[in-house]
Amino acid sequence: MKKLLPVLLFVAVCSIPAHAQKTVVKVLNTQARVLDMNSNAYVKPVVVELRVDPEKKKDVWHLTREEIEIALQGDIANIRNWGANRSSEEYDCDVMVAATFKIESEDRGGYNVTVTGYPGHYTHWETATEEDYEWIRMEIGQPLEREKGAVSIRR
């Protein structure tokens, strides 16, 4: 009996961590419009027109507690990005314009993420012209200096 008790205790202690390792979590991490460049590559700016649908859309997405707390790490920014991504997929659009978010817990243990906004589609992709460069410089708020007849940004 004295030899059996330590063996049973050892088996019980070893089986507890094995039971805890059965949790399966699916993770989805998406990001659009990423352009990785080599350090020796230079790209001319691209300008694009944003066509916004006039009808406001509203979606309610349900998430479980595990999805919110584990997969999205309970981070509000991650939850908002996930909701915007789901709505973008729903309306086959590039971006949700003027999107607002409402995150509510449910009594049954999950969460509802409400996304409201206007679907937007990028059209007319073109390489920037000299006129666009002036506008781009004004948008990023950097001073302009004239050098040898060309506009340049000084740092």
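Report on the accompanying structure.

What follows deals with the overall build of the chain. Secondary structure assignment for the chain yields four helices and six strands. Burial status across the chain gives 19% buried among its 155 residues. Summed over all atoms, the accessible surface of the chain reaches about 12,600 Å², with 53% contributed by carbon and sulfur.

What follows covers the packing of aromatic side chains. Applying the stated rule across the entire model yields one aromatic pair. Note on Y122 and W125: the rings are 5.9 Å apart at their centroids and 70° apart in plane angle, and the pair reads as edge-to-face. Owing to a relative accessible area of 25%, Y122 belongs among the partly exposed residues under this scheme. Residue classification places W125 among the exposed positions, given a relative accessible area of 55%.

Attention now moves to the nonpolar core. Ranked by size, the top nonpolar core spans eight residues in total: W61, L63, I68, L72, I79, W82, V113 and V115. When contributions to this core are tallied by element, the ones reaching two or more residues are β2 (57-63), α3 (76-90) and β4 (111-127). Excluding anything up to four places from it in sequence, L63 contacts I68, L72, W82, G110, Y111 and V113.

Next up on the list: the pairing of strand β3 (residues 95-105). Relative to β4, β3 is paired through nine bridges, and the arrangement is antiparallel. The residue bridging F101 from the neighbouring strand is V115, located in β4. A loop of five residues connects β3 with β4, the two strands running antiparallel in sequence, and G109 in this loop sits at a positive phi of about 105°.

Taken together, the side chains of V46, V48 and W125 present a nonpolar region at the surface, about 300 Å² in accessible area. In this fold, V48 is placed in strand β1 (residues 46-52). Given the relative accessible area of 32%, V48 is considered partly exposed.

Another point: the environment of E106. Within the secondary structure, E106 is located in the loop between β3 and β4. Residue E106 is classed as buried on the basis of its relative accessible area, which comes to 16%. Taking the C-alpha atoms as reference, E106 lies 9.5 Å from H62; in sequence the two are 44 residues apart. Ignoring anything within four residues of it in the chain, the contact list for E106 reads H62, Y111 and N112. At 3.1 Å, the side chain of E106 forms a polar contact with the side chain of R108.

Cut-offs and rules
Residues numbered from 1 in each chain as written. Predicted model: local features only at pLDDT ≥ 70, side-chain atom pairs only at ≥ 80, totals over all residues. Heavy atoms only, no water. Helix = DSSP H or I, 4+ residues; strand = E, 2+ residues; numbered from the N terminus. Buried < 20%, exposed > 50% of the residue type's maximum accessible area, 1.4 Å probe, protein only. Areas by Shrake-Rupley, 256 points an atom, 1.4 Å probe, with all protein chains shown as cover. Phe/Tyr/Trp six-rings, centres within 6.5 Å; stacked < 30°, edge-to-face > 60°. Core = buried A, V, L, I, M, F, W, Y, C linked by side-chain atoms within 4.5 Å. Contact = heavy atoms within 4.5 Å. Pairing = 2+ DSSP bridges. Patch = residues over 30% accessible without salt bridge, like charges linked within 9 Å, V, L, I, M, F, W, Y side chains within 5 Å. Salt bridge = Lys/Arg side-chain N within 4 Å of Asp/Glu carboxyl O. Polar contact = N/O pair within 3.5 Å; in protein donor to acceptor, adjacent residues only side chain to side chain.

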